[in-house]
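Take a look at the letters that make up each chain.
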Amino acid sequence: MNPARATFAAAAQSRAADTVALTRRLMAVPSPNPPGDVRACAGEAAVILRALAPEAEVSLHATSPEVTNVVARIAGAGPGRVLAFNGHLDTYPVNEALPWTVDPLRGEVRDGRLYGRGAADMKGGIAASILAFALLAEHRAHWRGEAILTLAGDEESMGPLGTKWLLDHVPGLAQAGAVIIGDAGSPRVLRFGEKGFLWIEVEAAGRAAHGAHVHLGENAIDRLRAALDAVSRLVDLPVAAPPAVIAAIADAKPVSEPLAGAGEAEVLGRVTVNIGRVEGGTAPNLVPAIARAACDIRLPVGVTCDAAEAALHAGLDWLPGISWRVLRRFEPNHTDPDAAIVRLAHRAAEEVLGGTVAVNMRVGGSDARWFRMAGLPTVVYGPTPHNMGGADEWAEIAELEAVMRVHALAAFDFLSG
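Participant: Which parts of the structure should I look at to understand the sheet that holds strand 5 (residues 113-115)?
Facilitator: Sheet strands line up and pair through hydrogen bonds in the backbone, either parallel or antiparallel. Strand order in the open sheet made by the 3 strands is 4-5-18, with antiparallel pairing throughout. Here the strands that pair on one side only, and so sit at the sheet edges, are strand 4 (108-110) and strand 18 (394-396). Strand-to-strand twist of the sheet, defined as the mean angle between neighbouring strand axes without regard to direction, takes the value 25°. Relative to strand 18, strand 5 is paired through 3 bridges, and the arrangement is antiparallel. By the bridge assignment for strand 18, Tyr115 is matched with Trp394. Along the sheet face, helix 2 (residues 18-27) touches strand 4 and strand 5 and points at about 10° away from the line of strand 5. Where helix 12 (residues 397-416) meets the sheet, it contacts strand 4, strand 5 and strand 18, and its direction lies at approximately 65° from that of strand 18.

Shown next, in the form of structure tokens:
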């Protein structure tokens with residue numbers, strides 16, 4: 001290890017304990033989505049950045065009355081690569097009706113855990129990236145290029161006013177050679193891609209009648225059942241994933257599945273269909289005239305949204321009384337597992353944790369998709385979420401500290417390599 005890298009690694013280790021204090025400071029400024037007002041939290045993040053990295057350029061960007069994004073940037077010793085950190089300021093609502101046993105905004109520390117809304121998703125990840133950025137600023141004589149930190153205001157709303165806006169408007173961001181995102185996951189699994197998704201609503205129209213005179217009606221729920229059977233058959237769509245992705249999922253299974261649950265590898269490699277909402281009818285003795293359902297279709301790398309929609313047209317368009325529409329649509333996305341940032345972040349993670357770290361896909365979505373759709377190599381590496389969205393959300397303090405060190409080392413290695 002060269003002396004500059006050794007000095008930087010020691011500095012990252014010595015500052016790791018600051019991650020919890022910074023996370024607590026961010027948690028104390030609520031930013032629930034809905035309603036999505038992150039202005040105060042964005043302002044607090046800007047204050048923190050200006051104090052920790054006084055030589056950095058820090059700016060706030062309001063994209064709606066509620067959504068404000070934060071951008072910080074710092075240049076190294078000369079021309080070189082661009083690396084971006086990204087995170088989201090918004091969290092799930094606190095929801096005081098949940099059975100909280102701690103103050104959700106105080107950031108209680110107990111038994112090696114940090115409790116409160118956003119501890120894992122993702123103010124802990126933001127704190128890790130802010131500290132990594134600050135460390136780069138302090139050691140800027142030993143790397144080249146530019147580090148950019150972007151904090152988006154609307155990830156829980158799919159990101160059009162946050163990360164998408166930032167990519168479209170922040171100079172140099174769309175040309176970044178690598179992106180690191182501290183969204184929730186596990187320090188034992190580095191994520192290089194994620195499944196796409198197609199959310200649809202299916203509506204069935206029938207003809208009302210009395211339940212005793214079914215011959216006079218057309219049951220919309222029966223029609224909907226047939227349509228949902230057709231939607232469910234999408235799980236049989238063929239998958240043509242790149243060999244490197246297939247191999248990574250298989251290689252990650254021994255480490256990743258004990259953390260994410262048995263069956264993760266199989267789910268990552270195929271289409272899944274979740275019928276999440278069904279409604280129709282008013283009484284058991286009436287033939288329903290209308291029924292609706294909403295479905296979440298997740299697509300692995302190797303199946304496009306166009307292919308899934310073509311299968312839906314083939315399965316649904318000929319059915320009587322059936323109409324359907326797409327609610328949300330994002331392609332599956334991934335970074336080559338052999339990309340520089342994947343290799344460097346993986347090496348840094350195994351160095352910090354002192355053991356095996358898997359390299360795998362992610363079943364859920366994140367703002368990483370915006371960067372990957374723009375062609376930017378992107379990894380997601382964050383703490384394990386516990387009770388995410390529920391009462392007593394928490395993250396392990398040791399994991400938060402590890403995530404910060406990995407973000408810092410991976411970024412330094414990328415910019416100094």
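Participant: Explain the environment of Gly211 to me, please; I cannot follow it from the model alone.
Facilitator: Secondary-structure assignment places Gly211 in the loop between strand 10 (209-210) and helix 6 (220-232). Residue class for Gly211 comes out partly exposed when judged on its relative accessible area of 33%. Gly211 sits 73 residues away from Pro284 along the chain, and the two C-alpha atoms are 7.2 Å apart. Apart from the residues lying within four places of it in its own chain, the contact partners of Gly211 are Asn285, Leu286 and Val287.

Participant: How should I be thinking about the side chain of Ser129 in this particular structure?
Facilitator: Relative to the helices and strands, Ser129 resides in helix 4 (residues 123-138). Here Ser129 falls in the buried class, since its relative accessible area comes to 1%.

Participant: Just to check I follow, could you spell out the pattern of salt bridges for this structure?
Facilitator: Note on pairing: side chains with opposite charge can pair once their charged atoms come close. Tallied over the full model, the rule gives 28 salt bridges. Put simply, Arg117 and Glu393 hold a salt bridge, and the shortest N to O gap is 2.9 Å. Here Arg117, found in the loop between strand 5 and helix 4, pairs with Glu393, found in the loop between strand 17 (378-380) and strand 18; they are 276 residues apart in sequence, far enough to count as distant. Take Arg117: its relative accessible area is 2%, and that puts it in the buried class. Its relative accessible area of 1% is what places Glu393 among the buried residues. Among the ionic pairs, Arg347 bridges to Asp413, the shortest N-O distance being 3.2 Å. Pair noted here: Arg347 is in helix 10 (residues 340-353) and Asp413 is in helix 12, with a separation of 66 residues, a long-range link.

Participant: Just to check I follow, could you spell out the packing of helix 4 against helix 12 for this structure?
Facilitator: Helix packing for two helices is described by the angle between their axes and how far apart those axes are. Direction vectors running N to C along helix 4 and helix 12 enclose 40°, while the axes themselves pass 8 Å from each other. On the basis of their axis angle, the class for helix 4 and helix 12 is oblique. The handedness of the crossing between helix 4 and helix 12 is right-handed. Here Gly124, Gly125, Ala128, Ser129, Leu131, Ala132, Leu135 and Leu136 of helix 4 lie close against helix 12, whose contacting residues are Leu400, Val403, Met404, His407, Ala408, Ala411, Phe412 and Leu415. By residue class, the composition of the contact of helix 4 with helix 12 is 12 nonpolar, 4 polar and no charged.

Reading the values: rules and limits
- Residues numbered from 1 in each chain as written.
- Predicted model: local features only at pLDDT ≥ 70, side-chain atom pairs only at ≥ 80, totals over all residues.
- Heavy atoms only, no water.
- Pairing = 2+ DSSP bridges.
- Helix = DSSP H or I, 4+ residues; strand = E, 2+ residues; numbered from the N terminus.
- Axes fitted to C-alpha atoms, helices over the stretch in contact; angles between N-to-C directions.
- Contact = heavy atoms within 4.5 Å.
- Buried < 20%, exposed > 50% of the residue type's maximum accessible area, 1.4 Å probe, protein only.
- Salt bridge = Lys/Arg side-chain N within 4 Å of Asp/Glu carboxyl O.
- Parallel < 35°, antiparallel > 145°, perpendicular 65-115°, else oblique.
- Left-handed = near helix turned anticlockwise from the far one by under 90°.
- Nonpolar A, V, L, I, M, F, W, Y, C, P; charged D, E, K, R; others polar.

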